[in-house]
Every structure is written in structure tokens, then in C-alpha cells.
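Reading the structure
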Amino acid sequence: MFVSSERKRLERERRSEGRLPPGQSLTLKWPVLHAGAVPQFDPDTWKFAVFGLVDRPFELTWQEFQALPRKRVQADFHCVTTWSKFDNVWEGVAMRTIAERAMPKPEARFVIQHCEGGYTTNTPLADLLRDNVLLADTHSPEPLTPEHGAPLRMIVPHLYAWKSSKWIRGLEFTADDRAGYWEQRGYHMYGDPVREQRFR
Ligand SMILES: Nc1nc2c(c(=O)[nH]1)N[C@H]1C(S)=C(S)[C@@H](COP(=O)(O)O)O[C@H]1N2
Ligand SMILES: [Mo]
């Protein structure tokens, strides 16, 4: 009873601030949503690969990834199934840090996120270079749990959450936009929650 009225109060507040996208409702919980099984993380064999249309493709071990400069981002999270979770504090490595090291070629305009288990999703490169796009290993104050993407997930706050890959293992820079897992099944190629770009 208390929780439900508190939820509604917060939802009205976010709506009045213009932060609740159309068709979304506020959740105080953190639902777990994905296709397939939660993968096992082995820090000794884990690698992160950056490849495709870049001047300097590279791979990082988990230890090397941990040594990169860290960043903290506070952001909202909107799932296409209509829940929105507000004011998450994520910590990890800025996507921009990865891109600067890889040096994308001029013709690289899109990025495919590749995950453990075969999940993929596509995004314009320019969107991933925004200030608050993060490769996150922490949902502050706790490290990510396996079901929420440990050891590492992408966070793209301004797009629907299916663009925020869990268990990410690689980034492929491409010239053309290639549909990922959900995009091949009818989800929008871009996925802006403000414009309700759920399906195409
Ligand atoms: N690898 C992978 N990442 C994924 C998904 C998935 O199925 N596989 N589902 C996406 C979807 S649809 C959502 S809503 C969010 C959910 O993240 P959460 O389970 O941490 O809430 O993860 C996204 N990332
Ligand atoms: Mo989702």
C-alpha cells in the first residue's frame, strides 16, 4: 500500500519534470530481462575485442580493462516493455575512452555490440560518443550481478534499454547499420524512448 502510493508519487514527479517518456511507468524494483541464459564469467579467459573499421583494433584482458580510467554516470533506464528505472549510478569506462584508443576510420558510422551468447545490438557511432555512454561494471554501490550483466555491460541512457548490452565482449565498427538481435525481430533500428521508437 505504502510502496504503491510512493511509486505513484515519484512517477508523477518524474512526469512533471518531463523525464517519463510516453507510454512508460516508473519502477522502484530492477527487473531482469534478457533472451537466453546468464553466462559464466571467467576473469582468466575473458577478453574484450574492438574491431572492424578502426585504425587500431585491440583486445583487452579483464585485468587490462580494470586499469583504464574510470567514470561515474547518473542516468535513467527505459525498457521497451514500459518500465523506467530512474537515477541509476553506473561506474565503469567511458565509451569514448575505448573509441579514442581504437581510432575509428572516417567511414565508420555504426557500432555493433557483441555479447557472450550471441546477443547483438546496433547503434550509430555518434550516439555512443555521448558523454554519458559507459561500459559499466558497477551499479553503485554494488558491482553488477551476473543477471544484470556482470562483468561488463553497455549503458546508453538516451536509447531503450535493449541497446544497453549485458555481458558485452566486443565492439565492431561498421560503415552500414546492421540489425542486431531484437532489431531483426522487429524492434526499431534506433530506439529513442522520447519518440517512442519501439518497433518498425
Ligand atoms: N546480452 C544481452 N543484453 C541485453 C539483453 C539481452 O537479452 N542480452 N536484453 C536487453 C533488454 S531488452 C533490457 S530491458 C536490458 C535489461 O537489463 P536488466 O536485466 O539489467 O534490467 O538489457 C538489455 N541487454
Ligand atoms: Mo527491454
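The written sequence of each chain sets the order in which its residues are numbered from 1. Note on labels: chains are lettered from A, ligands numbered from 1, in written order. This being a predicted model, a pLDDT of at least 70 is required before a residue's local features are given, and a value of 80 or more before pairs of side-chain atoms are given or counted; all residues contribute to the totals for chains, interfaces and linings. Excluding hydrogens and water, the side-chain values take into account all heavy atoms of the structure.

**With respect to the overall build of the protein**
The condition that has to hold: Per the convention used, a helix needs a DSSP run of H or I reaching at least four residues, while a strand needs a run of E reaching at least two, with both numbered from the N terminus. With C-alpha atoms as the basis for the radius of gyration, the globule rule is written as 2.2 Å multiplied by the number of residues raised to the power 0.38. Buried residues are those whose accessible area, probed at 1.4 Å on protein chains only, stays under 20% of the maximum for their type, while exposed residues exceed 50% and partly exposed ones sit between those limits.
On a plain count of helices and strands, the protein comes out with four helices and 11 strands. Its C-alpha atoms give the protein a radius of gyration of 17 Å, near enough to 16 Å, the size a compact globule of 200 residues would have. Projecting the C-alpha coordinates of the protein onto the three principal axes gives extents of approximately 55 × 35 × 30 Å. Per-residue burial for the protein yields a buried fraction of 49% across its 200 residues.

**A few points about the sheet that holds strand β2 (residues 47-52)**
Strand pairing in a sheet relies on backbone hydrogen bonds, with the paired strands running either antiparallel or parallel. Put simply, the rule reads: In this scheme, strands are said to pair when DSSP sees at least two bridges between them. As a rule, the C-alpha atoms of each element are fitted with a line to give its axis, helices using only the stretch in contact, and angles between N-to-C directions run from 0 to 180 degrees. By the convention used here, residues are in contact when the closest approach between their heavy atoms is within 4.5 Å.
Read across the open sheet, the five strands follow the order β3-β2-β11-β6-β7; overall the sheet is mixed. Whereas interior strands pair on both sides, the edge strands pair on one side only; in this sheet they are β3 (58-61) and β7 (120-124). Across the sheet, the mean angle from the axis of one strand to that of its neighbour is 15 degrees, orientation sign disregarded. Here helix α3 (residues 95-102) sits on the sheet in contact with β2, β3 and β11 (168-174), set at roughly 135 degrees to β3.

**Description of the nonpolar core**
Across soluble globular proteins, you tend to see nonpolar side chains buried next to one another. To be explicit about the condition: Among buried residues, those of type Ala, Val, Leu, Ile, Met, Phe, Trp, Tyr and Cys that are joined through side-chain atoms within 4.5 Å constitute a nonpolar core.
Counting residues in hydrophobic clusters, the biggest one holds 27 residues, and the most contacted among them are Phe 65, Met 95 and Ile 98. Listed by contribution, the elements that provide at least two residues to this core are β2, β3, α2 (62-66), α3, α4 (125-128) and β11. The biggest single contributor to this core is α3, with four residues. Apart from residues lying up to four places away in sequence, Phe 65 is in contact with Trp 46, Leu 60, Val 93, Ile 98, Leu 135 and Leu 152.

**Thoughts on the pattern of salt bridges**
Test applied: Basic side-chain nitrogens of Lys or Arg form a salt bridge, by our definition, when they fall within 4 Å of a carboxyl oxygen of Asp or Glu.
For the coordinates displayed, the defined rule picks out 19 salt bridges. One salt bridge in this structure joins Arg 19 and Asp 76, with 3.0 Å as the shortest N-O distance. Of this pair, Arg 19 sits in the loop between α1 (2-16) and β1 (25-26) while Asp 76 is found in strand β4 (residues 71-78), placing the two residues 57 residues apart along the sequence. Taking the relative accessible area as the measure of exposure, Asp 76 reaches 14% and is therefore buried. Across the salt bridge formed by Asp 87 and Arg 19, the nearest N and O atoms sit 2.9 Å from each other. With Asp 87 in strand β5 (residues 83-94) and Arg 19 in the loop between α1 and β1, this pair connects stretches of sequence that are 68 residues apart. Take Arg 19: its relative accessible area is 26%, and that puts it in the partly exposed class. Linked by salt bridges that have partners in common, Glu 6, Arg 9, Glu 13, Arg 14, Glu 17, Arg 19, Asp 76 and Asp 87 make up one network.

**Observations concerning the environment of Thr 120**
The topology assignment puts Thr 120 in strand β7. For Thr 120, a relative accessible area of 15% translates into the label buried. Counting along the chain gives 14 residues from Thr 120 to Leu 134, while the straight-line C-alpha distance between them is 17 Å. Contacts of Thr 120, omitting those with residues within four sequence positions, involve Ile 112, Gln 113, His 114, Gly 180, Tyr 181 and Glu 183.

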